[in-house]
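Residues per chain, in single letters:
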Amino acid sequence: MKVPGQRYDFSESDVEAVASEFSRLLRDGDFLTQGRYVEEFEKSFAVRHGVREAVAVSSGSAALEAILLALDVAGGEVIIPTNTFAATAFAVIRAGARPVLADILDDLSLDPIDVERCLSPATRAVITVHIGGRISPATRDLAELCATNEISLVEDAAHAAGAMLAGMAAGGFGVAAAFSFFSTKVITTGEGGMIATSESSIADFARHVRDQAKVDNSNVHDMIGNNWRMTEFQAILGSRQLGRLNEFIAGRRRVAEIYRRLVTDEMFRWPEIPKDGGLNFYKDPVFIRGVSPSDVGAALLENGISLSGFVYDVPLHRQGLFAEFSEAPLQAADRLCASHVCLPIYPSLTDEAAEYVATVLSGAVGSRFDG
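Definitions and cut-offs
- Residues numbered from 1 in each chain as written.
- Predicted model: local features only at pLDDT ≥ 70, side-chain atom pairs only at ≥ 80, totals over all residues.
- Heavy atoms only, no water.
- Phe/Tyr/Trp six-rings, centres within 6.5 Å; stacked < 30°, edge-to-face > 60°.
- Helix = DSSP H or I, 4+ residues; strand = E, 2+ residues; numbered from the N terminus.
- Buried < 20%, exposed > 50% of the residue type's maximum accessible area, 1.4 Å probe, protein only.
- Pairing = 2+ DSSP bridges.
- Axes fitted to C-alpha atoms, helices over the stretch in contact; angles between N-to-C directions.
- Core = buried A, V, L, I, M, F, W, Y, C linked by side-chain atoms within 4.5 Å.
- 1 Å grid on protein atoms, 1.4 Å probe; cavity = no way out; pocket = protein on both sides within 12 Å on 5 of 7 lines; lining within 4 Å.
- Points joined across faces, edges and corners; volume = space filled by probe spheres on them.
- Nonpolar A, V, L, I, M, F, W, Y, C, P; charged D, E, K, R; others polar.
- Parallel < 35°, antiparallel > 145°, perpendicular 65-115°, else oblique.
- Left-handed = near helix turned anticlockwise from the far one by under 90°.
- Contact = heavy atoms within 4.5 Å.
- Polar contact = N/O pair within 3.5 Å; in protein donor to acceptor, adjacent residues only side chain to side chain.

Chemist: Before we move on, can you summarise the packing of aromatic side chains with the specific residues and values?
Modeler: In this description, an aromatic ring pair is defined by two values, namely the gap between the centres and the angle between the planes. Inspection of every chain in the model, using the stated rule, returns 9 aromatic pairs. A ring pair is formed by Phe45 and Phe179, whose centres lie 4.9 Å apart and whose planes are at 80°; its orientation type is edge-to-face. Of the two residues, Phe45 is situated in helix 2 (residues 36-48) and Phe179 in strand 8 (residues 176-180); the sequence distance between them amounts to 134 residues. An identical accessibility class is assigned to Phe45 and Phe179; each is buried.

So, in structure tokens, the structure goes:
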């Protein structure tokens, strides 16, 4: 059986609806960028995530950079987890600040104790990353730590559309959150991103900077802006995907439950699912004792199964480009990043295919490497 590492989901009715809206847009000659479809997508996204405002942009990276620019972090430091995609650090650097790498907890989230170690008079913000669509219970501790020290907490929610913790959605724990709609994400527009916030100053700044910082839509500019606009085509896709978000999460949860039910050997460890958590299961990492992720990936591939990636296999402090931003050993990240794989997980993955993946993992892989 061939099992791809990931697939996005557009049903036949989605395709027909999207094609109809595309046709109407083109035939009517409406403006193709940042028009009424973008506004509708923004409003629906804000409602779904329990925030007052949402601002659509061209990518998750642009969303994060816009937030940091709005917070005026330039010249200061921003603490981020070492276990993140490089775009988190790039956004900090492009916003004029220095990233400071901190260690992580067993659920792959930012460690509040290590964040406290990293605090300095230069700290302007802390970015927590909702890895794999999991909002860690430790997020509450981070929020309290940041509030006590009058530092902004920012959510890198690139993975976390629809993710919840104790009834609160991603975007409600910090001053703002940055979401991604890249092709692999739980909902996708191909490329694209969204800022979710209840801080009107951040939303207003983001709307200004995303459109080349035009003053009153003129050719006069009051700062260096960017072309971070979202197209109407992307917004049409996004609204359709957002309407199915709960369905997508339920489908991913179904696959995760199959994996947990069938893969029970002691060499495998699944992260605990918080009782009050609402994971979206963008990724579902499994930790493996005594075996390299590359060997596991190779064994799965021999059986037609592609991994959905890692979160992440090489932490930033182990990459030469970012080595200067860590001043202490980050031992938890070294251990966790080197001991996990992410299995295929998406709504269209059938029970049969998920059971096949679990059987191969616990059988062909487990018997080869166990002991």
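Chemist: Tell me what's going on with the sheet that holds strand 8, and back it up with residues and numbers.
Modeler: The sheet built from 7 strands is open, its strands ordered 1-9-8-5-4-2-3 with mixed pairing. Both edges of this open sheet fall to strand 1 (53-57) and strand 3 (98-102), since each of them pairs with a single strand only. On average, each strand axis in the sheet is tilted by 25° relative to the strand beside it, whichever way the strands run. Sheet analysis places strand 4 (residues 123-129) next to strand 5 (residues 152-156), joined by 5 bridges and oriented parallel.

Chemist: Outline the nonpolar core, listing residues and values.
Modeler: Among soluble globular proteins, nonpolar side chains are generally buried collectively. One finds Leu68, Val78, Ile80, Ile127 and Ile195 to be the most contacted residues of the largest nonpolar core, which totals 46 residues. Elements that contribute at least two residues to this core include exactly strand 1, helix 3 (60-70), strand 2 (77-81), helix 4 (86-94), strand 4, strand 8, helix 7 (200-210) and helix 11 (331-337). Tallying contributions element by element places helix 3 first for this core, with 6 residues. Within the second largest apolar cluster, 33 residues are counted, among which are Ala46, Phe173, Leu242 and Ile249.

Chemist: Break down empty space enclosed by the protein for me, with residues and values.
Modeler: Scanning all chains against the criterion turns up 3 cavities of 30 Å³ or more. Contributing to the lining of the largest cavity are Asp107, Leu108, Ile131, Gly132, Arg134, Pro271, Leu279, Lys283, Asp284, Pro285 and Val311. Split by residue class, the lining of the largest cavity holds 6 nonpolar, 1 polar and 4 charged. Of the pockets and cavities examined, the second largest cavity occupies roughly 60 Å³. Taken together, Gly5, Gln6, Thr184, Arg252, Tyr282, Lys283, Ser308 and Ile345 make up the full set of residues lining the second largest cavity. Grouping the amino acids of the lining of the second largest cavity by side-chain chemistry returns 2 nonpolar, 4 polar and 2 charged.

Chemist: So, the sheet that holds strand 11 (residues 277-278): which residues are in play, and what are the values?
Modeler: Pairing is antiparallel in the open sheet, where 3 strands are placed in the order 7-6-11. Edge positions in the open sheet fall to strand 7 (168-169) and strand 11, since each of these has one partner strand only. Pairing between strand 6 (residues 164-165) and strand 7: 2 bridges, direction antiparallel. In the strand pairing of strand 7, Met164 is matched with Ala169.

Chemist: Report on the packing of helix 3 against helix 7, specifying residues and quantitative values.
Modeler: Relative orientation of the contacting elements helix 3 and helix 7 amounts to 120°, with a least axis distance of 9 Å. Of the possible angle classes, the one that applies to helix 3 and helix 7 is oblique. Along this stretch, helix 3 crosses helix 7, giving a crossing that reads as right-handed. Along the contact surface, helix 3 presents Ala66, Ile67, Leu69 and Ala70, while helix 7 presents Ile202, Phe205, Ala206 and Val209.

Chemist: Requested: an account of the side chain of Asp14, with residues and values cited.
Modeler: By secondary structure assignment, the location of Asp14 is in helix 1 (residues 12-28). For Asp14, a relative accessible area of 1% puts it in the buried group. A polar atom in the side chain of Asp14 sits 2.4 Å from the side chain of Arg244. Aside from chain neighbours lying at most four places away, what touches Asp14 is Asp9, Arg240 and Arg244.

Chemist: Residue-level account of the pairing of strand 12 (residues 285-288), with values.
Modeler: What you see with strand 12 is no split at all: Pro285 and Phe287 on one side and Val286 and Ile288 on the other are buried throughout. In this structure, strand 10 (residues 268-269) lies alongside strand 12, joined through 2 bridges in antiparallel fashion. Each residue of the ladder has a partner; that of Arg269, found in strand 12, is Phe287. Bridge count between strand 12 and strand 13 (residues 340-342): 3 bridges; the pairing is antiparallel. Note that in strand 13 the partner of Pro285 across the bridge is Cys342.

Chemist: Quick one: what's the story with the layout of surface pockets, residue by residue and with numbers?
Modeler: Approximately 460 Å³ is the volume found for the largest pocket. Residue lining of the largest pocket: 26 residues in total, with Phe85, Ala158, Ser180, Lys185 and Tyr312 positioned closest to the centre. Secondary structure elements with two or more residues in the lining of the largest pocket: helix 3, helix 4 and strand 8. The element best represented in the lining of the largest pocket is helix 3, accounting for 3 residues. Within this model, the second largest pocket holds a volume of roughly 340 Å³. Looking at the lining of the second largest pocket, the elements with two or more residues in it are helix 2 and helix 7.

Chemist: Any chance you could break down the pairing of strand 5 for me, citing the residues and the numbers?
Modeler: On a regular strand, each side chain points to the face opposite its neighbour's, so the side chains alternate between the two faces of the sheet. When you tally the buried positions in strand 5, you get 5 out of 5 residues, the bulk of the element. Side chains Ser152, Val154 and Asp156 of strand 5 all project onto a buried face; the interleaved residues Leu153 and Glu155 project onto the opposite face, where all are buried too. By the bridge criterion, 3 bridges tie strand 5 to strand 8 in an arrangement that is parallel. Directly across from Asp156, in strand 8, lies its bridge partner Ala178.

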